[in-house]
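Chains, contacts and geometry: an overview
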Amino acid sequence: MAEVILDNITKIYPGGVKAVDNMSLKIEDQEFIVLVGPSGCGKSTTLRMVAGLEEITVGTIRIAERVVNDVPPKDRDIAMVFQNYALYPHMTVYKNMAFGLKLRRLPKREIEQKVRDAARLLGIEELLDRKPKALSGGQRQRVAVGRAIVRTPKAFLFDEPLSNLDAKLRVEMRAELKKLHRRLATTTIYVTHDQEEAMTLGDRVVVMKDGIIHQCGSPLEVYEEPGNRFVAGFVGTPPMNFLEARVCAENGQLCFDEGSNKLRLPARLAEALACWEGRQVVLGVRPEDFSCANEGKFAGQGNILNVTITVVEPLGDKMDVYVQTAVHDHLVCRVEANRSLRDGMQLSMYVAMDRVHAFEPGEEGVNVSLNGAGDKVSAGQAV
């Protein structure tokens, strides 16, 4: 077990393509950290540099205080689980799990003990004599994890290991991986493009884009205090709504002028945005921070958007209602299930203004509604 330190690492491919840009990150001993971001953001390249499968252009990687830049993958004392499982099709489950131990010339009795202990832990004891083609996707994934466990490495590396599983099995395997980490307490670096996986698995979540860390923090910190508009829009399902608005004063109180509706700023935002009067900002509202105002519950409270429903998606006890205002064509509201809502209906939506965020204009505009907003964005900085 060990901490893993990435010190200003950069990866530049032939042709000048910069996949990872001056990235620094300290992963604590026994921590489960998740690298998440859209395709091409550099998360898998980062993982492969830690594994030794990609050369580092600039920077240093340390595992357990040892610089491993020039150490071959087999000598880094790490174990990697791949997206496609990478099992040997001609070998049984037992032989797949034992293969790495045989290469290290461990005694036969020790190999058997390690393989059977890992199989028991993962609930695959009855599969040891089967070959991969006779296994389901979830069983193959367990075998791949078991092959990593038997090595008792200093760190586990997971490269989108659940992406080939169906939705139900992904949820089950997420829970299994979380329980497994608690039992083994091994430093784990996990890569995914699925922000729901990142939120449920990670002790910390690292949000990446264009080879740069945009924010690093606990799942709740990243969700509730997004440092910039990219992070806010990437983390959350459905994603955060963004409304172009102008900060204005009305009756001595600051408001967002959305163009067809005016929304009062709560004290928290009014103080942060006092110097923004007359300027354009981007208002960020989570889908769950809308409520149907037609029921009368929010009558007289203000902060109402008048909208037209374009699509209704029932989800059981909740429903996603897609709406538009006179100036914004696409907003999504997650509300309590209501059979009376239908396409084309005129509706008033209450906005929980004490929970909204305000961002500078631009795709990566800083969250100006946070105290010390600039400190929340860690692009290019050690975290």
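As the structure is a computational prediction, the values presented were derived from the model and not from experiment. (Residues numbered from 1 in each chain as written. Predicted model: local features only at pLDDT ≥ 70, side-chain atom pairs only at ≥ 80, totals over all residues. Heavy atoms only, no water.)

**Concerning helix 5 (residues 167-184)**
Over its 18 residues, helix 5 runs 26 Å from end to end, which matches the ideal 26 Å to within 8%, given 1.5 Å per residue. By the burial criterion, the buried members of helix 5 are Leu-169, Met-173, Arg-174, Leu-177, Leu-180 and His-181. Viewed end-on, helix 5 has its buried residues packed into an arc of 145°, placing them on one side of the element. With respect to the buried face of helix 5, the exposed residues turned more than 90 degrees away are Lys-168, Arg-182 and Arg-183. Where helix 5 is buried, its residues meet strand 3 (32-36), helix 3 (108-122), helix 4 (137-149), strand 7 (155-159), strand 8 (187-192) and helix 6 (195-201). A positive phi of about 50° marks Ala-185, the residue just after helix 5. (Helix = DSSP H or I, 4+ residues; strand = E, 2+ residues; numbered from the N terminus. Expected span 1.5 Å × (residues − 1). Buried < 20%, exposed > 50% of the residue type's maximum accessible area, 1.4 Å probe, protein only. Arc of directions from axis to C-beta. Contact = heavy atoms within 4.5 Å.)

**Section: the packing of aromatic side chains**
Counted according to the given criterion, the structure contains six aromatic pairs. When the centroid spacing of 5.7 Å and the interplanar angle of 35° are considered together, the rings of Phe-158 and Tyr-190 count as tilted. On the criterion of sequence distance, the pair formed by Phe-158 in strand 7 and Tyr-190 in strand 8 is long-range, its members being 32 residues apart. Residue classification places Phe-158 among the buried positions, given a relative accessible area of 6%. Taken together, a centroid distance of 5.8 Å and an interplanar angle of 75° make the contact between Phe-242 and Phe-359 edge-to-face. Highlighted residues: Phe-242 in strand 11 (residues 241-250) and Phe-359 in strand 20 (residues 357-359), separated in sequence by 117 residues. The lysine or arginine in question, Lys-209, covers the ring of Phe-230, its NZ or CZ lying 5.6 Å from the ring centre. In this structure, Arg-229 is placed above the aromatic ring of Phe-242, and the distance from its NZ or CZ to the ring centre is 4.6 Å. (Phe/Tyr/Trp six-rings, centres within 6.5 Å; stacked < 30°, edge-to-face > 60°. Lys NZ or Arg CZ within 6 Å of the ring centre and 35° of its normal.)

**Re the nonpolar core**
One broad rule of soluble globular proteins: the nonpolar side chains tend to lie buried together. Counting 47 residues, the largest nonpolar core has Met-97, Val-115, Val-145, Tyr-190 and Val-207 as its most contacted members. Ranked by size, the runner-up nonpolar core spans 34 residues in total, among them Leu-254, Leu-341, Leu-347 and Ala-358. (Core = buried A, V, L, I, M, F, W, Y, C linked by side-chain atoms within 4.5 Å.)

**Digging into the pattern of salt bridges**
One pass over the full model with this rule turns up 21 salt bridges. Linking Lys-18 and Asp-21 is a salt bridge whose minimum nitrogen-to-oxygen distance equals 3.7 Å. The salt bridge partner of Arg-120 is Asp-117, with a shortest N-O separation of 3.0 Å. With Arg-120 and Asp-117 both in helix 3 and three residues apart, this pair spans about one turn of that helix. Given a relative accessible area of 47%, Arg-120 falls into the partly exposed group. Here the salt bridges share partners, and the residues they tie into one network are Lys-11, Arg-48 and Glu-54. (Salt bridge = Lys/Arg side-chain N within 4 Å of Asp/Glu carboxyl O.)

**Some thoughts on the confidence of the model for the protein chain**
Averaged over all residues, the pLDDT of the protein chain equals 91, while 94% of them reach at least 70. Across residues 372-378, where pLDDT falls below 50, the model places 18 contacts with residues more than four positions away in sequence or in other chains. (pLDDT = per-residue confidence, 0-100.)

**Things to note about the packing of helix 2 (residues 93-103) against helix 3**
Packing of helix 2 against helix 3 leaves a shortest axis separation of 10 Å and a crossing angle of 135°. Judged on the interaxial angle alone, helix 3 and helix 2 are oblique. The chirality of how helix 2 crosses helix 3 is right-handed. Two secondary-structure elements touch here, helix 2 through Tyr-94, Met-97, Ala-98, Leu-101 and Lys-102 and helix 3 through Ile-111, Glu-112, Lys-114, Val-115, Ala-118 and Ala-119. Class assignment of the residues belonging to the contact of helix 2 with helix 3 gives a composition of eight nonpolar, no polar and three charged. (Axes fitted to C-alpha atoms, helices over the stretch in contact; angles between N-to-C directions. Parallel < 35°, antiparallel > 145°, perpendicular 65-115°, else oblique. Left-handed = near helix turned anticlockwise from the far one by under 90°. Nonpolar A, V, L, I, M, F, W, Y, C, P; charged D, E, K, R; others polar.)

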